[in-house]
Amino acid sequence: MRVDVWSDVVCPWCYIGLANLGVALQEFEHEDDVEVVLHSYQLDPGAPPRDEQPLEQRLAQKYGTTVGQIRAQQARIVSLGAERGIDFRFDQAIGGNTFDAHRLLHLARVRGVQLELKHALGDAYFTDGQPIGDPATLRGRALSVGLDPVEVDAVLEGEAFADEVRQDIDAARQIGISGVPFFVVDGRLGISGAQPPETLKDILDQGWATREPVPVQVVAGSDDADACGPDGCEI
């Protein structure tokens with residue numbers, strides 16, 4: 001059974017959601033028969049390669065709120081992340097365009113280390129304060145999970161996997177995805193947001209028990225979990 005996940009590298013709820021999926025899979029009887037495939041989604045496709053403005057200031061301006069309110073919201077996700085072993089350090093985050101990161105994630109899928117690279121990129125951005133749109137950051141993290149340096153350089157210096165990224169984004173639009181993370185189990189059961197492990201375990205069980213080729217349907221209760229919307233994250 002396959003689980004498709006749409007997410008962005010700079011989406012904190014995506015990071016937590018994937019961690020929750022990992023917990024759910026550990027409790028799932030058929031874990032060894034599940035393939036997790038990550039798909040590209042850009043919260044801010046127009047972002048520059050590097051954005052030096054502090055994240056909290058950028059978000060406060062974007063959402064018309066105060067830096068204090070943003071910090072309070074960030075404190076909540078820091079606490080939730082800690083429960084999953086994620087060390088969110090929003091004060092150090094250096095934003096940037098994630099298109100190249102997604103291209104490398106497609107290479108990583110071909111080489112069988114997609115989830116490993118996803119986590120490495122999350123650590124780079126959320127914990128280590130490395131600029132997520134910088135080729136040096138991307139190259140370093142790609143090599144850290146065992147990708148071939150020649151292949152990595154070829155991707156970063158060219159246009160490889162650009163079409164695949166755009167196809168993922170188009171597919172999200174066709175499905176009706178307006179926020180990430182978004183999970184599709186067995187090609188038909190969709191659920192959005194950083195759902196808790198028990199909810200994800202339930203949809204895994206449902207997917208396994210009722211496998212048949214039908215269109216994606218968003219399951220009940222999938223709209224009340226935290227997610228990053230089409231305009232980004234207010235945290």
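Procedures and definitions
Residues numbered from 1 in each chain as written. Predicted model: local features only at pLDDT ≥ 70, side-chain atom pairs only at ≥ 80, totals over all residues. Heavy atoms only, no water. Core = buried A, V, L, I, M, F, W, Y, C linked by side-chain atoms within 4.5 Å. Buried < 20%, exposed > 50% of the residue type's maximum accessible area, 1.4 Å probe, protein only. Helix = DSSP H or I, 4+ residues; strand = E, 2+ residues; numbered from the N terminus. Contact = heavy atoms within 4.5 Å. Pairing = 2+ DSSP bridges. Axes fitted to C-alpha atoms, helices over the stretch in contact; angles between N-to-C directions. Arc of directions from axis to C-beta. Polar contact = N/O pair within 3.5 Å; in protein donor to acceptor, adjacent residues only side chain to side chain. Parallel < 35°, antiparallel > 145°, perpendicular 65-115°, else oblique. Left-handed = near helix turned anticlockwise from the far one by under 90°. Nonpolar A, V, L, I, M, F, W, Y, C, P; charged D, E, K, R; others polar.

The subject of this paragraph is the nonpolar core. With 48 residues, the main nonpolar core has F88, L104, L117, L121, L147 and V180 as its most contacted residues. Elements represented by at least two residues in this core include exactly α1 (12-27), α2 (55-63), α3 (67-83), α4 (99-110), α5 (114-127), α6 (135-144), α7 (149-157) and β3 (182-185). Apart from the residues lying within four places of it in its own chain, the contact partners of V180 are W6, S7, D8, C11, W13, C14, Y41, L43, A227 and C228. Listed in part, the 19 residues of the second largest apolar core include M1, F183, L200 and I203.

Strand order in this open sheet of five strands is β2-β1-β3-β4-β5, and the pairing throughout is mixed. Two strands lie at the open edges of the sheet, namely β2 (35-40) and β5 (217-218), each paired on one side alone. Sheet strands in contact with α5 are β1 (2-7) and β2, and its direction is about 50° off that of β2. Strands β1, β3 and β4 (189-192) of the sheet are contacted by helix α9 (residues 197-209), whose axis makes an angle of about 170° with β4.

For α6, the full list of buried residues reads T137, L138, R141 and A142. Summarising the axial view, the buried residues of α6 lie within an arc of 125°, below the 170-degree limit, and thus occupy one face. When the buried face of α6 is taken as reference, the exposed residues oriented beyond 90 degrees from it are A136 and S144. Where α6 is buried, its residues touch α4, α5 and α7. If you check the start of α6, you find a side-chain oxygen 2.8 Å away from the backbone N of A136, and it comes from D134. Following α6 by one or two positions, G146 adopts a phi angle in the positive range, close to 95°.

Turning next to the environment of P54. By secondary structure assignment, the location of P54 is in the loop between β2 and α2. Of the residues examined, P54 reaches a relative accessible area of 37% and is grouped as partly exposed. P54 sits 97 residues away from E151 along the chain, and the two C-alpha atoms are 33 Å apart.

Turning to the packing of α5 against α6, a few remarks are in order. Across the interface, α5 lies against α6 with an axial gap of 9 Å and an inter-helix angle of 135°. One element, α5, and the other, α6, form an angle in the oblique class. With respect to the hand of their crossing, α5 and α6 are arranged in right-handed fashion. Contacts from L117, A120, L121, D123 and A124 of α5 reach α6 at T137, L138, R141, A142 and S144. Looking at the contact of α5 with α6 residue by residue, the classes come out as six nonpolar, two polar and two charged.

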